[in-house]
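Structural features, examined
Here's the letter readout for the chains.
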Amino acid sequence: GNSVTQMEGPVTLSEEAFLTINCTYTATGYPSLFWYVQYPGEGLQLLLKATKADDKGSNKGFEATYRKETTSFHLEKGSVQVSDSAVYFCALIPRGGANSKLTFGKGITLSVRP
Amino acid sequence: NAGVTQTPKFQVLKTGQSMTLQCAQDMNHNSMYWYRQDPGMGLRLIYYSASEGTTDKGEVPNGYNVSRLNKREFSLRLESAAPSQTSVYFCASGGSETQYFGPGTRLLVL
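In what follows, the accompanying structure is described. As the structure is a prediction and not an experimental result, all values here were calculated from the model.

Moving on: the interface of chain B and chain A. Taken residue by residue, the interface counts 19 residues in chain B and 18 residues in chain A. Between chain B and chain A, a total of about 1500 Å² is buried, with carbon and sulfur atoms accounting for 54% of that surface. Viewed at the interface, chain A and chain B are joined by zero salt bridges. Applying the counting criterion to the chain B and chain A interface returns two residue pairs in polar contact (both at pLDDT 80 or more). Of all the secondary-structure elements, those providing two or more residues to the side of chain B that touches chain A are β4 (31–38), β5 (42–49) and β10 (99–101) of chain B. The dominant element in the side of chain B that touches chain A, judged by the number of residues it contributes, is β5 of chain B, at four residues. Tallied by class, the residues present in the side of chain B that touches chain A amount to ten nonpolar, eight polar and one charged.

Printed below as a string of structure tokens:
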């Protein structure tokens, strides 16, 4: 079956530090990959996505590259801000599925201190 | 354009009570979803509806029922609530490119 594995958390960083959140996946074929972010007390928002190998998704200074050879989609940001404190979820949708059901990782909480 | 709305925002139930969580979207999406979020578990799909008039089970459907009332609305019903159903429930709509999530309903079952 399909699955997404995220690194264990929580993660605490100082403002302007470099961020990497690891994500690997298992799926048949080549799924579409997503990062969602959940700010405190809110629902999930799409942060970025990539739909084929070597694609790079980017948004709000965050980036992730679809690596087929390592089945990974790691999230990076060069300089985090306090406002980036949130829970981050990696997710996939299988290619060619009859319905677009997201499979999520467990999420990781990021806290950025001033 | 409100996106995805959910009611109520918070609810406390006693074991055995029933309730319905409401969800509506104004983006004209065919597909709608119900997820639950539990600490350390991520989001798990309860039920989904690929189009008006159709519903299918997700990963954790036991103890729940759904109704796709029309294209806009997709409700989740707990017939006899159990403490294990204490969770945050999210409705979403969309498709293979993006899913849009509501703000969530926090449910506590005592």
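What follows deals with the packing of aromatic side chains. The tally for this structure, following the rule as stated, stands at twelve aromatic pairs over all chains. A ring pair is formed by phenylalanine 62 of chain A and tyrosine 88 of chain A, whose centres lie 5.6 Å apart and whose planes are at 40°; its orientation type is tilted. Here the residue phenylalanine 62 of chain A occupies a position in strand β8 (residues 62–65), and tyrosine 88 of chain A occupies one in strand β10 (residues 86–93), the gap between them amounting to 26 residues. In this pair, the class of phenylalanine 62 of chain A matches that of tyrosine 88 of chain A, namely buried. Taken together, a centroid distance of 6.1 Å and an interplanar angle of 70° make the contact between phenylalanine 104 of chain A and phenylalanine 101 of chain B edge-to-face. Of this pair, phenylalanine 104 of chain A sits in strand β11 (residues 103–104) while phenylalanine 101 of chain B sits in strand β10, on two different chains. Of the two residues, phenylalanine 104 of chain A and phenylalanine 101 of chain B, both sit in the buried class. Among the aromatic residues, ring-to-ring pairing joins Phe34, Tyr36, Phe89 and Phe104 of chain A together with Tyr33, Tyr35, Tyr48 and Phe101 of chain B into one connected group.

About the thresholds
Residue positions are given per chain, counting from 1 as you read along its sequence in written order. Ligands are numbered from 1 and chains lettered from A, in the order in which they are written. Local features in a predicted model are, by the rule used here, given only for residues with pLDDT of at least 70; side-chain atom pairs are given and counted only at 80 or more, and totals for whole chains, interfaces and linings are based on all residues. The side-chain figures draw on all heavy atoms in the structure; neither hydrogens nor water molecules are used. Residue contacts are counted whenever heavy atoms from the two residues lie within 4.5 Å of one another. Using a 1.4 Å probe, buried area is obtained as the accessible area two parts lose upon being combined, added over both of them. Throughout this description, the term salt bridge denotes a Lys or Arg side-chain nitrogen within 4 Å of a carboxyl oxygen of Asp or Glu. Counting of polar contacts relies on pairs of N or O atoms within 3.5 Å, with two restrictions inside protein: one atom must be capable of donating a hydrogen and the other of accepting it, and residues adjacent in sequence are counted only when both atoms are side-chain atoms. Secondary structure follows DSSP: runs of H or I at least 4 residues long count as helices, runs of E at least 2 residues long count as strands, and numbering of each begins at the N terminus. Each residue gets one label: Ala, Val, Leu, Ile, Met, Phe, Trp, Tyr, Cys and Pro are nonpolar, Asp, Glu, Lys and Arg are charged, and the others, such as Gly, are polar. Only Phe, Tyr and Trp rings are paired, with Trp represented by its six-membered ring, and only when their centres lie within 6.5 Å; those with planes under 30 degrees apart are stacked, over 60 edge-to-face, the remainder tilted. Summary of the burial criterion: residues with accessible area below 20% of their type's maximum are buried, those above 50% are exposed, and those between are partly exposed, where the area comes from a 1.4 Å probe applied to protein chains only.

Structural measurements only, silent on function.
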